[in-house]
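Spelled out from the first residue to the last, the chains are:
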Amino acid sequence: MAVVEVVVLVAAAVVVVVVVVAVAVVVVVVVVVVVLVVVVVVLLRSNFTLLHLHSILLKKHQTPPRGPAAPFPLPALLHSPPPRSLRYQLTVPSPPKPTDAKLILFSDFPDYYELEGRQGPKGLAHCTIPGPKGQQTRCELTVDNRRFQQADAVLFYSHGKHHMNDLGFDPVKRPGSTWTFFAVESPIHSLNTLFNDAAFHNKFNSTMTYRTDSEFWHGYFRTQRRKPPASPEESRAEEIELRRVFRKKSKMAAVFVSNCGAPSRRDVYVRELQKHIPVDVYGNCGPLRCQDRKACDEMLNKDYKFYLAFENSLCYDYITEKLLKILSARRVVPVVRGGADYSRLAPKNSVVDTSKFSSIAHLAAHLKELAADEEKWIQMFQWSSSWEVKGPDLPFCEYCQHLYSAQRSSNLYSNVYQWWSKGTCYPVKDVPRSLIQGRLLSFVDNIRSLWA
Ligand SMILES: *[C@@H]1O[C@H](CO)[C@@H](O)[C@H](O)[C@H]1NC(C)=O
């Protein structure tokens, strides 16, 4: 064979190999692109949010899973104050120095709880329990993670921590110690994937959250009987005042929003509602501003008939202080939209719940009717002669007492992360899908809020 022929053969072989490799690369790229396009299209079409991802990954459940049965009575929520026996019934005239204080570690609590360098939050500082034979006992609190192994109880604050290193200690449960899951924000804003780790399975004895199935409940607001109830004269005076205020009100509805494009897509809901009735949007996400909190509240009470107390997430039992403020002011009817059962948590006939209407147009029609009918509007305040609403009350003292109680629970949460997140928030269903724009963006926002 001539050298030339060899060269030609080698060259031909090289060309063939190059062509085959090129074709293979092109095929792979095309397949990847097609798969990506399909995924993005499916996500967009299904109005995808991170919650969907969660429910897909964790298998969706309609009702939130229950934790173990509480080893002691739960605070009664149904329009009655919590049982006195569980609350601050302690009469403690300057107790002697405690002999066996229980140590509670508040792990990862934000500074605004002001646990550091003080005797403790209001409930705990003076929470002293008469022990056996007149002995006084109490709880000592610490935020010092180095005392983890000494602690009788650890409250784990759940908010955006995802690595063991963030904890500051090795989470090995000391025999006999009590672990409690603590959260304030909705699962979307308080998830802590760390607790999904096997190290935390079957370790948590109890939970302290706004969810009514938590052993230690601290709702953003509580409904309780007004003591004493308003006298007939008071009620009469209140009614006269309400009528006077009603007649002077010149505007329909207002909403104050600072977190635009929240997972509940209340922005879209408000825009739809605006097609039927005037809604003034104040704050970062709207055109209107008012000077300060006090001025805003006064303006609201004076001018508006309704306030839209829409939650940023639609989650089980999740009602925030928005509603508390409006109900306490008692001059504006709250229109509520959230994942909670308002008929159970709010005073009877005190709110207009958007979920009770088959469409935004029906809601708007109802609001127009109320706004035009003084008698009906006034009726929305009748609850306030026998009920009142109160702010949150962290049950730290109750918790401390519980640590001394002889009752020990062998029930542990198998996976508190799932208890908190699995099927506990709901996708947006009350706005036509086609209206939810920037879905990918809100998806990205959700991820950011989760992993930030
Ligand atoms: C919490 O669980 C542990 C077992 O991990 C148990 O020993 C302890 O008594 C429990 N605490 C309470 C208050 O029930």
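Preceding this section is the structure that the text describes.
None of the values given here were measured: they were computed from a predicted structure.

Attention shifts here to the sheet that holds strand 4 (residues 153-157). Taking strand neighbours across the sheet as the criterion, the seven strands line up as 2-3-1-4-5-6-7 in an open arrangement whose pairing is mixed. The open sheet has two edge strands with one neighbour each: strand 2 (128-130) and strand 7 (216-217).

This part covers the nonpolar core. Side chains that are nonpolar tend, in soluble globular proteins, to be buried together. Of all hydrophobic cores here, the largest spans 47 residues; its most connected members are Leu155, Phe156, Phe182 and Phe204. Excluding residues that lie within four positions of it along the chain, Leu155 makes contacts with Ile104, Leu105, Phe106, Ser107, Phe109, Thr180, Phe182, Met208, Phe396 and Tyr399. Counting 33 residues, the second-largest nonpolar core is a separate cluster that includes Leu242, Phe310, Ile378 and Phe381.

On to the site of the ligand, then. Near the ligand the following residues occur: Lys173, Gly176, Ser177, Thr178, Asn205, His402, Arg408, Ser409 and Leu412. Separating an oxygen atom of the ligand from a side-chain N or O atom of Lys173 is a distance of 2.9 Å. Interatomic distance of 2.4 Å between a side-chain N/O atom of Asn205 and an oxygen atom of the ligand. Contact with the protein chains hides 78% of the accessible area of the ligand, taken as 360 Å² for the molecule alone. The residue inventory of the shell around the ligand, partitioned by class, reads one nonpolar, six polar and two charged.

Below, the discussion takes up the packing of aromatic side chains. The full count for this structure, using the stated rule, is 35 aromatic pairs. Between the aromatic rings of Tyr413 and Trp419, the centroid separation amounts to 5.4 Å while the plane-to-plane angle is 80 degrees, which identifies the pairing as edge-to-face. On the basis of relative accessibility, which here comes to 2%, the residue Tyr413 falls in the buried class. The ring of Tyr404 has Lys102 lying over it, and the distance from NZ or CZ to the ring centre is 5.2 Å. In this arrangement the basic side chain of Arg211 is found over the ring face of Trp419, its NZ or CZ atom lying 3.9 Å from the centre.

What counts and how
- Residues numbered from 1 in each chain as written.
- Predicted model: local features only at pLDDT ≥ 70, side-chain atom pairs only at ≥ 80, totals over all residues.
- Heavy atoms only, no water.
- Pairing = 2+ DSSP bridges.
- Helix = DSSP H or I, 4+ residues; strand = E, 2+ residues; numbered from the N terminus.
- Core = buried A, V, L, I, M, F, W, Y, C linked by side-chain atoms within 4.5 Å.
- Buried < 20%, exposed > 50% of the residue type's maximum accessible area, 1.4 Å probe, protein only.
- Contact = heavy atoms within 4.5 Å.
- Near = heavy atom within 4 Å.
- Polar contact = N/O pair within 3.5 Å; in protein donor to acceptor, adjacent residues only side chain to side chain.
- Areas by Shrake-Rupley, 256 points an atom, 1.4 Å probe, with all protein chains shown as cover.
- Nonpolar A, V, L, I, M, F, W, Y, C, P; charged D, E, K, R; others polar.
- Phe/Tyr/Trp six-rings, centres within 6.5 Å; stacked < 30°, edge-to-face > 60°.
- Lys NZ or Arg CZ within 6 Å of the ring centre and 35° of its normal.

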